[in-house]
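Read off the chains here:
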Amino acid sequence: MNTQSDTDVGAADDRASMPVVLITGAAEGIGWACAELMAARGWRVALADLRAPTVAQRAEQLGDDLHLGIGCDVTDHDSVRRAVLAIVARYGRIDALVNNAGIGDQTVPTLEQTAEAFDQVLAVHLRGAFLVSQAVLAQMRQQAPDAYGNRGAIVNIGSIASFGGIPGRNAYSAAKAGVLGMTRAMAIEWARAGVRINAVAPGYVATALVTQLAKNGAVDTAAIARRTPLGRMAEPVEIAEVITFLASPSSSYVTGATLSADGGWSVLGAPEAALTAMDGG
């Protein structure tokens, strides 16, 4: 005898209709803020990170037994493939991907930098975004399109370093400029297949890492605030809001775009003193 109640069936149907997002680098910072926000907005979230135990705990924090934390090295093809297969086995689909995984750059002058450290930054930011996108695109193209013909969305993370020079940050600037170029190339290739691919370019964000760097004297947060037209760094959730918009059907006609979320940093065309002169406060 089938003892499953109508309520149980309805709950299962509701869960099956919830979209699925894969977020890399989801244990901390922007990735974790995005996971929290998207879970609250009705997404089932697969959190991927090199720190498997940490990201598993993060998935539990989101609650409801809807979410998955999985260890993944985005620079390793086999690790990426296993992670994506596990997510598809769990949920049957991937509706959005947020390529957020990243590491810090060498904080020394060019002549003191090493090729090995340079390669590692490019491997995580650029190769990682490529490998995960490749694996997810193979799944997305099999999925049924929505009313607009869209089968999925990818959001890559650029930076103000994608556009402007930051002394000494050669690998990071190269990687983040490459992310935007790859975003445009993939967006055009996959548009007719119903996959939208966009990027977000954040400015300075008040993550735990930046807070620690400030305590160690490696980042001058007061100087950043003075240089930023909005007068402050972003909170992680503010960047997560932009990412969520581009991942969602609300941006159904947007592809190949880079949305700057930098408090006006990249469009400042006057000396920093002009910001104070124009302050009406």
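Just so we're clear, the structure is a prediction, and the values are computed from it rather than from any experiment.

(A) Region of the structure containing the packing of helix α2 (residues 29-40) against helix α9 (residues 236-247). Contact pair α2 / α9: the axes reach a minimum separation of 8 Å and the direction vectors enclose 60°. The angle between α2 and α9 falls in the class oblique. In this structure, α2 crosses over α9, and the sense of that crossing is right-handed. Residues Gly29, Ile30, Ala33, Cys34, Leu37 and Met38 of α2 lie in contact with α9, whose contacting residues are Pro236, Val237, Ile239, Ala240, Glu241, Ile243, Thr244 and Ala247. Taken together, the residues of the contact of α2 with α9 break down into 11 nonpolar, two polar and one charged.

(B) Summary view of the pattern of salt bridges. On inspection of all chains with the given rule, the structure shows six salt bridges. For the salt bridge of Glu238 with Arg232, the shortest nitrogen-to-oxygen distance reads 2.9 Å. On the basis of relative accessible area, Arg232 is assigned to the partly exposed category, the value being 40%.

(C) Quick peek at the environment of Gln106. The topology assignment puts Gln106 in the loop between β4 (96-99) and α5 (115-140). Owing to a relative accessible area of 12%, Gln106 belongs among the buried residues under this scheme. When the C-alpha positions of Gln106 and Ala123 are compared, they lie 14 Å apart, and in sequence the two are 17 residues distant. Contacts of Gln106, omitting those with residues within four sequence positions, involve Gln113, Thr114, Ala117, Phe118 and Gly168. Here Thr114 takes part through its backbone nitrogen, which lies 2.9 Å from a polar atom of the side chain of Gln106.

(D) Summary view of the nonpolar core. Residues Ile23, Val45, Leu47 and Ile243 are the most contacted members of the largest nonpolar core, which totals 31 residues. Elements that contribute at least two residues to this core include exactly β1 (20-24), α2, β2 (44-49), α3 (52-62), β4, β5 (152-157) and α9. If you tally residues by element for this core, the top one is α2, at eight residues. Setting aside anything within four residues of it in sequence, one finds Ile23 in contact with Gly31, Cys34, Ala35, Met38, Val45, Ala46, Leu47, Ala48 and Val98. In terms of nonpolar packing, the next biggest core, distinct from the first, is built from 30 residues, Cys72, Leu131, Val132 and Val195 among them.

Cut-offs and rules
- Residues numbered from 1 in each chain as written.
- Predicted model: local features only at pLDDT ≥ 70, side-chain atom pairs only at ≥ 80, totals over all residues.
- Heavy atoms only, no water.
- Axes fitted to C-alpha atoms, helices over the stretch in contact; angles between N-to-C directions.
- Helix = DSSP H or I, 4+ residues; strand = E, 2+ residues; numbered from the N terminus.
- Parallel < 35°, antiparallel > 145°, perpendicular 65-115°, else oblique.
- Left-handed = near helix turned anticlockwise from the far one by under 90°.
- Contact = heavy atoms within 4.5 Å.
- Nonpolar A, V, L, I, M, F, W, Y, C, P; charged D, E, K, R; others polar.
- Salt bridge = Lys/Arg side-chain N within 4 Å of Asp/Glu carboxyl O.
- Buried < 20%, exposed > 50% of the residue type's maximum accessible area, 1.4 Å probe, protein only.
- Polar contact = N/O pair within 3.5 Å; in protein donor to acceptor, adjacent residues only side chain to side chain.
- Core = buried A, V, L, I, M, F, W, Y, C linked by side-chain atoms within 4.5 Å.

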